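Each chain is listed here by its residues.
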Amino acid sequence: MSVVTISWNVSLFIAPGLSGILYGHGLWGWEHQYPHLLPNLLAAGMCLLASGFVVFFLPETRCNREKYVKLEPITPHSSEQEIVQRQQQPQQQISHLAILNPLVLSSLFLVFLLYLWSVSFDEVVNLFAIANVKSGGLGWKPSQLGICLSCAAVFVVVFTLFVYPIVLHRFGKITCLMFSSVCIAVLSSVIPFTSLLPSHVIWGAVLCLLGVTKVCSSMCFTGVFLIVNQSVEKSLRGRLNGLSTTVGSIAAAIGPAAIAPLFAWSVDQLKVPCIGFILCSVVMGVVVISVGAHHRVKHRTQEANENSSDEIV
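Analysis parameters
Residues numbered from 1 in each chain as written. Predicted model: local features only at pLDDT ≥ 70, side-chain atom pairs only at ≥ 80, totals over all residues. Heavy atoms only, no water. Helix = DSSP H or I, 4+ residues; strand = E, 2+ residues; numbered from the N terminus. Contact = heavy atoms within 4.5 Å. Areas by Shrake-Rupley, 256 points an atom, 1.4 Å probe, with all protein chains shown as cover. Phe/Tyr/Trp six-rings, centres within 6.5 Å; stacked < 30°, edge-to-face > 60°. Buried < 20%, exposed > 50% of the residue type's maximum accessible area, 1.4 Å probe, protein only. Core = buried A, V, L, I, M, F, W, Y, C linked by side-chain atoms within 4.5 Å. pLDDT = per-residue confidence, 0-100. Expected span 1.5 Å × (residues − 1). Axes fitted to C-alpha atoms, helices over the stretch in contact; angles between N-to-C directions. Parallel < 35°, antiparallel > 145°, perpendicular 65-115°, else oblique. Left-handed = near helix turned anticlockwise from the far one by under 90°. Nonpolar A, V, L, I, M, F, W, Y, C, P; charged D, E, K, R; others polar. Patch = residues over 30% accessible without salt bridge, like charges linked within 9 Å, V, L, I, M, F, W, Y side chains within 5 Å. Salt bridge = Lys/Arg side-chain N within 4 Å of Asp/Glu carboxyl O.

Please provide a residue-by-residue account of the overall build of the protein chain, values included.
Scanning the protein chain from N- to C-terminus turns up 9 helices and 0 strands. Starting at the N terminus and ending at the C terminus, the protein chain contains elements arranged as α-α-α-α-α-α-α-α-α. Sequence-distant contacts in the protein chain: of pairs separated by 6 or more residues, those separated by 24 or more amount to 75%. Just so you have it, the protein chain exposes about 19,000 Å², and 67% of that area is on carbon and sulfur atoms.

Here it is, written out as structure tokens:
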């Protein structure tokens, strides 16, 4: 999990700066008509490359046909091994239903909220940065925004490599998750007011706030992924991670579609860009409450399991 987090953070460091540099540099003289073409072509190529790695190199995508043998119905001529396999098949199907319990549902709800905040926050930050100064935005160019995001990602890489393991060991994942969620809720409300600062300090202020927010975001994602993987037994983790990815994708589709029109309305009608940021803060507030609820459900589940084991004994 730590390797996945580091890889994700390194990509956050490289991608924004590279996209900002490639913006406006087109192919065959198309840079004026399609300034976003080259960054998106690069992103599409990287997605195709990742798909190739998944198909040809990940063992999980290779079907092991020996594991999925079709069981024939039991007949008077069936061997003892075939009868045992046939009798064990319903038990395996029933055990997979154990993934649908309050502990797992609460962890999936955390995944949904965190992805919803992450995509919405990234969207509203980008819109705020490139919005006109008269509308309350920063009036940045895409290259300025890309460099700022890349520099903020440096904070995340350094923190993930050298600081977060110590903090996690000292305070635990629940405390780190709740503390980082509260910090994000506060910082999300502060960022839009950086447009009121003098022009020569805006870039540094935004960089510091984004850096701390991204660090807290990394702590949140790592904590939620740990919670998800500890919600079920080892044999069901693959299925649960697939469900969490699906839930996160749904949230990622909802976030931009909801936050972008709201940001545009607040800038045009209210002349303030803070509505989207306030909603992001509200989402993280719900995350704090949900973490507490999940922790309570986990304790109740453990107590129920201990009581049932005592009764059996």
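A description of the packing of aromatic side chains should follow, citing residues and the corresponding values.
Scanning the entire structure with this criterion turns up 6 aromatic pairs. With a centroid separation of 5.0 Å and an interplanar angle of 15°, the aromatic rings of tryptophan 117 and phenylalanine 121 are classed as stacked. You can see tryptophan 117 and its partner phenylalanine 121 sitting in helix α4 (residues 102-130), 4 residues apart, about one turn around the helix. Neither tryptophan 117 nor phenylalanine 121 differs from the other in exposure class; each is buried. Ring geometry for phenylalanine 159 against tyrosine 164: centres 6.1 Å apart, planes inclined by 45°, an arrangement best described as tilted. Look at tyrosine 164 and you get buried, because its relative accessible area is 7%. Through successive ring pairs, a cluster of aromatic residues spans Trp117, Phe121, Phe128 and Phe277.

Run through the nonpolar core, naming residues and quoting values.
Core analysis: the biggest nonpolar cluster contains 51 residues, and Phe121, Trp140, Leu210 and Met284 have the highest contact counts within it. Looking at this core, the elements that each hand over two or more residues are α4, α5 (142-171), α6 (173-190), α7 (199-229), α8 (237-270) and α9 (274-312). Core analysis: the second largest hydrophobic core is formed by 6 residues, Val156, Phe159, Tyr164 and Cys176 among them.

Could you give an account of the environment of alanine 252, naming the residues involved and the relevant values?
Tracing the backbone shows alanine 252 in helix α8. With a relative accessible area of 26%, alanine 252 lands in the partly exposed category. Linking alanine 252 and serine 118, residues 134 residues apart in sequence, is a C-alpha distance of 8.2 Å.

Now, about the confidence of the model for the protein chain: what can you tell me, with residues and values included?
Averaged over all residues, the pLDDT of the protein chain equals 81, while 78% of them reach at least 70. The spread of mean pLDDT over the elements of the protein chain runs between helix α3 (residues 80-96), the lowest at 52, and α6, the highest at 93. Confidence drops under pLDDT 50 across residues 65-71; counting only partners more than four residues distant or on other chains, this segment forms 4 contacts. pLDDT under 50 marks residues 90-97. Its contacts with residues more than four places away, or in other chains, come to 3 contacts.

Outline α6, listing residues and values.
Here α6 is 18 residues long and its end C-alpha atoms lie 26 Å apart, about the 26 Å a rise of 1.5 Å per residue gives. Every buried residue of α6 is accounted for by Lys173, Ile174, Cys176, Leu177, Ser180, Ser181, Cys183, Ile184, Ala185, Leu187 and Ser188.

Describe the packing of α5 against α7, with residues and values.
Working note: a packed helix pair is described by the angle between its axes plus the distance between those axes. Between α5 and α7, whose axes approach to 8 Å, the crossing angle comes to 45°. Relative to α7, α5 is oriented oblique. In the packing of α5 onto α7, the handedness of the crossing is right-handed. For the pair α5 and α7, the contacting residues are Gln144, Ile147, Cys148, Leu149, Cys151, Ala152, Phe155, Val156, Phe159, Thr160, Tyr164 and Leu168 in the first and Trp203, Val206, Leu207, Leu210, Gly211, Lys214, Val215, Ser218, Met219, Thr222, Gly223 and Leu226 in the second.

Describe the packing of α5 against α6, listing the residues and the values that go with them.
Where α5 contacts α6, the axes come no closer than 7 Å and their chain directions differ by 115°. Judged by the angle between their axes, α5 and α6 are roughly perpendicular. On α6, the residues touching Val167, Leu168 and Phe171 of α5 are Lys173, Thr175 and Cys176. Looking at side-chain class alone, the contact of α5 with α6 contains 4 nonpolar, 1 polar and 1 charged residues.

With reference to specific residues and values, describe a nonpolar patch on the surface.
Taken together, Ile14, Leu18, Leu42, Met46, Leu49, Phe53, Val54, Val55, Phe56, Phe57 and Leu58 make up a surface patch of nonpolar side chains, about 1,000 Å² in accessible area. It is helix α2 (residues 37-57) that provides the largest number of residues to the nonpolar patch, a total of 8 residues. Using a relative accessible area of 36% as the deciding quantity, one classes valine 54 as partly exposed.

For the environment of tyrosine 115, give the residues involved together with the corresponding values.
Examined against the element boundaries, tyrosine 115 turns out to sit in helix α4. Sequence spacing of tyrosine 115 and isoleucine 250 is 135 residues, and the spatial spacing of their C-alpha atoms is 8.8 Å. Tyrosine 115 has contacts with Phe221, Phe225, Gly248 and Ala251, leaving out every residue within four places of it along the chain.

Tell me about the side chain of threonine 213, and please be specific about residues and values.
Looking at the secondary structure, you find threonine 213 in helix α7. The residues touching threonine 213, leaving out its near neighbours within four places in the chain, are Trp117, Phe121, Ile184, Leu187 and Ile191.

Can you break down the pattern of salt bridges residue by residue, with the values?
Per the stated rule, a full pass over the model turns up 1 salt bridge. For the salt bridge of aspartate 122 with lysine 214, the shortest nitrogen-to-oxygen distance reads 2.7 Å. Linking aspartate 122 in helix α4 with lysine 214 in helix α7, this pair joins segments that are 92 residues apart in sequence. For aspartate 122, a relative accessible area of 30% translates into the label partly exposed.

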